[in-house]
Amino acid sequence: MGEFAIGQPVPRFEDPRLIKGGGRYVADMAFPGMAFGYVLRSPHAHARIRSIDTAKAKAAPGVLAVLTGADYKAAGFGDLPVPGGLKRRDGSPGYRPRYPALVQDRVRMIGDYVAFVVAETYYQAVDAAELIEIDYEPLPAIVSTGDAIKPGVPLVWEDCPNNIGFIQIEGSKDATDAAFARAAHVVKHHFVVNRVTAATMEPRGCIGVFEPTEGRYTIYTTLQRTHVFQTELSQYVLKVPDNKIRVVAGDIGGSFGMKSAVYNEVALVLLGAKLTGRPVKWVATRSESFLCDAQARDNVTDAELALDKDGNFLGFRARIIAAIGAYLQVGMQAFTGNLGTLAGVYRTPASHIDVTAVFTHTQPVRPYRGNGRPEAAYVIERMVDLAADQLGIDAADLRRRNTIAPSALPFKTSVTFTYDCGEFEKNMDLALQAADKRGFEARRAQSRKNGKLRGLGFSNTIERSAAAGTEGAEIRFDRTGSVAIFSGSINQGQGHETAFKQIVCDKLGLDPNEVTYIQGDTDQVFFAEGTGGSRSATFSGSAFTMAAEKIETKAKAIAANMLKVDVAEIKFADGVFSSPKTNQTMTIKEVAKAAVNPNNLPAGMEAGLIATAVYQGKVASYPNGCHVCELEIDEDTGEVQILKYNVVDDVGTVINPLLLHGQVDGGVAMGVGQILMEDIKHDEQGQILTGSFMDYAMPRASDLVAFHVDSNPVPTKTNPLGVKGAGEAGCVGAMPAVANALVDALSALGIKHIEMPATPERLWKAIHEARGK
């Protein structure tokens, strides 16, 4: 509808409330009689607990409860959920360790959960925790993912040989081996994708409430999927029916996949609330987040690309060792579903991927913006650049020789995915043109005169979004004609309220100022799967489209009845019902008001104008695009300055260009952060060395540049709106583009690769070592 229609750059409806301090985050919430919880965490990455003495803590001022692993077990609460269905190499079930909310006999990571204190105030809980006396027997730890399967290293779980949790294999080994046997060229490289953390703007938090008269729990927390979360709590932790648990999510300041798990603290505040009869609140400090948040990436890949004499790709293979961490969280295994990104946008006829997931004495690993896609895109796009260098072919030309043409779509790749639509070469041509690649060498020469190494790198990537699933939506008109829309997807900053209001208002001709957006409450939203995997526009957008169509159909019948014409003669446009058989019209608001009165309705029709819909998506979509990064490296300091960044993305139908730009910008910043600075590091004993923002570097505005984002939309037919996911696209393209730009800048010194993060120190050392040679 006009300025609010699909495709319009509508400013976010959420923002005025948030910037005026109207946010409803967990830290803002307070309840009568609320107490506070604090977790006592392990100072060792691996140790045996000989004894725990809580007597002094229980006697401390303000203390209401002190819980250990034995107390938790005695209360009858269950362990946290652990995924099943995984396999070892011999086909036997993958290793599924217990995931206790509080440990009893052994700690397996720095920050492991040893005790939980509930007190009248937060600081009383902290003081009491310091009085708990624990006798630890430190044990050797393994923190290196690449070394975790080596003989003789410490085991995280004594009954898990070689620390191997599960195996995932994709592609055809025989076909790939045959392709390599006839190859004229083989390119090989060893990649280390480092460990990072989400570092969300809002730390995790939760408040547990227990109503003894109803035997019902309520949890207010930071998450991505309320109804899935509710079921995981009911089945594994609380062991009660879903309807005995209410899950509520207020505003959420970022998640990126990290917050979607059922964490230990959720179980602990609920148990604390049940035992004390008080609401119990826990909110992480920033330092605590480095110890208790699940972390991300952390895998090692040995990749090989086979080519014929003309540079055509024949085969690709990769052996990957991926970190699980100390505990296997639900969702960690999901990255294996995105291994198809290793195929890239290329026609490679044969591939074989072998993934070994390993336990280490580190924080659990779980999905983080892209969930395997950025790592896979990084590997394949670095391999293409390495191949171009080895064969002496221009990197863009080598990609053109191997890129899937639009006429070949749909195309079944050799690594699980089937692409339905896209213009991959056009994306690259548009992005390189926007970046002025032709004028780059002149700019490089000028930088050289100024003592700078200038590089231009690009990536032509693709990913899977909106994998098969379901999602619910509801549109509810009230007696005054105003509207509430209920979303199954959870907003953590993406702009869901704006996008979904646009869809509903465009379909029904409504004023968005008269539409209220509701999400994140299992007592209000009738059906939900939630947010993740760049699915919300596809699934919630399609569900709202279906609900709007139901509203229109019912409203047409009511309008026809009241205007005394046949329903087939009713037209609906811009929120107005009309008919050539009468000069009378009705707005949808008028119809909604009339729908309350049964006398206005056709025979047999229920009163009210309300519609629910559950959309089922059976086929994924494949957003794709090209990123071009131009940067300079200061030879004397190793400092990197990004000078230009161009993106051409195909995310199908663009619902809101402003939201799209914001999502791409955020994703690019995260990709840049990992390549240039972000790094979770441990020493050999498992002590974290980057446990605060003093040591864990985050990208600032001064590290970036204004991104130029263009669209080359090729709408998909896999969903009613034609959309492809956009939330992770920026990160998927950025990691390889920035890495390729760095290597291009360093290539004048003969450097073929630089590991991530390419900090000034690492770059300075590489430059001076190359000069020495």
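Shown above is the structure to which this text applies.
Per chain, residues are indexed from 1 in the order of the written sequence. Reporting in this predicted model follows two pLDDT cut-offs: at least 70 for local features of residues, and 80 or more for side-chain atom pairs to be given and counted; totals over whole chains, interfaces and linings ignore these cut-offs and use all residues. Computation of side-chain values covers all heavy atoms of the structure but excludes hydrogens and water.

Description of the pattern of salt bridges
Each salt bridge in this description consists of a side-chain nitrogen of Lys or Arg and a carboxyl oxygen of Asp or Glu lying within 4 Å of one another. Scanning the entire structure with this criterion turns up 55 salt bridges. Here Arg50 makes a salt bridge to Asp135, at a shortest N to O gap of 3.4 Å. Residue Arg50 is found in strand β2 (residues 47-53), and its partner Asp135 is found in strand β6 (residues 133-138); the two are separated by 85 residues along the sequence. A relative accessible area of 32% places Asp135 in the partly exposed class. A salt bridge links Arg317 to Glu304; the shortest N-O distance between them is 3.1 Å. Of this pair, Arg317 sits in strand β14 (residues 313-325) while Glu304 sits in strand β13 (residues 295-307); the two residues are 13 residues apart in sequence, bridging distant segments of the chain. Summary of the burial criterion: residues with accessible area below 20% of their type's maximum are buried, those above 50% are exposed, and those between are partly exposed, where the area comes from a 1.4 Å probe applied to protein chains only. Look at Arg317 and you get partly exposed, because its relative accessible area is 24%. You can call Glu304 buried: its relative accessible area is 18%. Each helix is a run of H or I in the DSSP string that is no shorter than four residues. Each strand is a run of E no shorter than two, and both are numbered from the N terminus.

What about the side chain of Asp308?
Within the element layout of this structure, Asp308 appears in the loop between β13 and β14. At a separation of 2.9 Å, a polar atom in the side chain of Asp308 contacts the main-chain amide nitrogen of Asp310. Polar contacts here mean pairs of N or O atoms no more than 3.5 Å apart (in protein, one a potential hydrogen donor and the other a potential acceptor; neighbouring residues in sequence count only if both atoms are side-chain atoms). Polar side-chain contacts of Asp308 include one of 3.0 Å to the backbone nitrogen of Gly311. Contacts are residue-level and defined by heavy atoms, with any inter-residue pair within 4.5 Å sufficient. Ignoring sequence-local partners within four residues, the contact set of Asp308 consists of Ala184, His185 and Leu314.

Some details on the pairing of strand β27 (residues 640-650)
Within β27, eight of the 11 residues are buried, which leaves it mostly tucked inside the rest of the structure. In this description, strands pair whenever DSSP reports at least two bridges between them. When strand β26 (residues 624-634) meets β27, the two strands line up antiparallel, connected through 10 bridges. Along β27, the bridge assignment pairs Val628 with Asn646. What sits between the antiparallel neighbours β26 and β27 is a turn of five residues, in which Gly638 has the positive phi angle 80°. At this point the chain moves from β27, through helix α16 (residues 657-676), to the parallel strand β28 (residues 708-711), and the crossover so formed is right-handed. With strands facing away from the observer, any crossover in which the path from the first strand over the helix to the second runs clockwise is taken as right-handed.

Re the sheet that holds strand β24 (residues 582-587)
In spatial order, the strands read β22-β23-β24; together these three strands make up an open sheet with antiparallel pairing. Every other strand in the sheet has two partners, leaving β22 (571-573) and β24 as the edge strands with one partner each. Averaged over all pairs of adjacent strands, the angle between strand axes in this sheet comes to 25°, irrespective of strand direction. Summarising the sheet, strand β23 (residues 576-579) and β24 pair through three bridges and their orientation is antiparallel. By the bridge assignment for β24, Ser579 is matched with Thr582. Fitted lines through C-alpha atoms serve as axes, helices being fitted only where they are in contact, and the angles separating the N-to-C directions of these axes extend from 0 to 180 degrees. Lying over the sheet, helix α14 (residues 536-563) contacts β22, β23 and β24, oriented at roughly 140° with respect to β24.

Some words on helix α5 (residues 173-181)
Of all the positions in α5, only Thr176, Ala179 and Phe180 are classed as buried. Along the long axis of α5, the arc covered by the buried residues comes to 95°, so they all point the same way. Turned more than 90 degrees off the buried face of α5, the exposed positions are Asp174 and Ala181. Those residues of α5 that are buried lie in contact with β8 (185-197), β13, β14 and β15 (350-359). At the N-terminal boundary of α5, the capping side chain belongs to Ser172, with an oxygen 3.2 Å from the backbone nitrogen of Ala175. Relevant arc is that of directions from the helix axis to the C-beta atoms, nothing else.

Some remarks on the packing of helix α13 (residues 496-508) against α14
Between α13 and α14, the least distance of the axes is 9 Å, while the angle of their chain directions is 30°. Comparing the axis directions of α13 and α14 gives the class roughly parallel. Of the two elements, α13 crosses α14, and the hand of that crossing is right-handed. On the side of α13, the interface is formed by His496, Phe500, Ile503, Val504, Lys507 and Leu508, while α14 contributes Ser536, Ser540, Gly541, Phe544, Thr545, Ala548, Ile551 and Glu552. Its residues assigned to classes, the contact of α13 with α14 comprises seven nonpolar, five polar and two charged. Roughly parallel means an angle under 35 degrees; roughly antiparallel means over 145; roughly perpendicular covers 65 to 115; every other angle is labelled oblique. Helix crossings get a hand from a simple test, with the near helix turned counterclockwise from the far one by less than a right angle marking a left-handed crossing and a clockwise turn marking a right-handed one. We call Asp, Glu, Lys and Arg charged. Ala, Val, Leu, Ile, Met, Phe, Trp, Tyr, Cys and Pro are nonpolar, and the rest, Gly among them, are polar.

Some thoughts on the nonpolar core
Residues enter a nonpolar core if they are buried and are Ala, Val, Leu, Ile, Met, Phe, Trp, Tyr or Cys, with the set joined through side-chain atoms within 4.5 Å. Counting 155 residues, the largest nonpolar core has Phe316, Leu631, Ile633, Leu676 and Leu742 as its most contacted members. Not counting chain neighbours up to four residues away, the residues in contact with Ile633 comprise Gly451, Lys452, Leu453, Gly638, Glu639, Val640, Leu742, Ala745, Leu746, Leu763 and Ile767.

Regarding the sheet that holds β15
Spatial ordering of the open sheet is given by β7-β15-β14-β13-β8, a layout of five strands whose pairing is mixed. The sheet is open, and its two borders are formed by β7 (164-171) and β8, each paired with just one other strand. Ignoring strand direction, the axes of neighbouring strands in this sheet form an average angle of 10°. As defined by bridge partners, β8 adjoins β13 across 12 bridges and the pair is classed as antiparallel. Counted as the bridge partner of Val187 is Leu305 from β13. Each of β7, β8, β13, β14 and β15 touches α5; the most contacted strand, β14, lies at about 125° to it.

Details of α14
Given a rise of 1.5 Å per residue, 28 residues ought to cover 40 Å, and the 38 Å separating the end C-alpha atoms of α14 matches this to within 8%. A positive phi of about 60° marks Lys564, the residue just after α14. A helix is expected to span 1.5 Å for every residue after the first.

A short note on the environment of Ser465
The residue Ser465 is located in the loop between β18 (452-462) and β19 (469-477) in this model. Along the primary structure Ser465 and Gly21 are separated by 444 residues, whereas in three dimensions their C-alpha atoms are 33 Å apart. Residues contacting Ser465, with those up to four places away along its chain left out, are Arg373, Gly533, Ser534, Ala620, Ser621, Pro623, Lys724 and Gly725. A distance of 3.0 Å separates a polar side-chain atom of Ser465 from the backbone nitrogen of Gly725.

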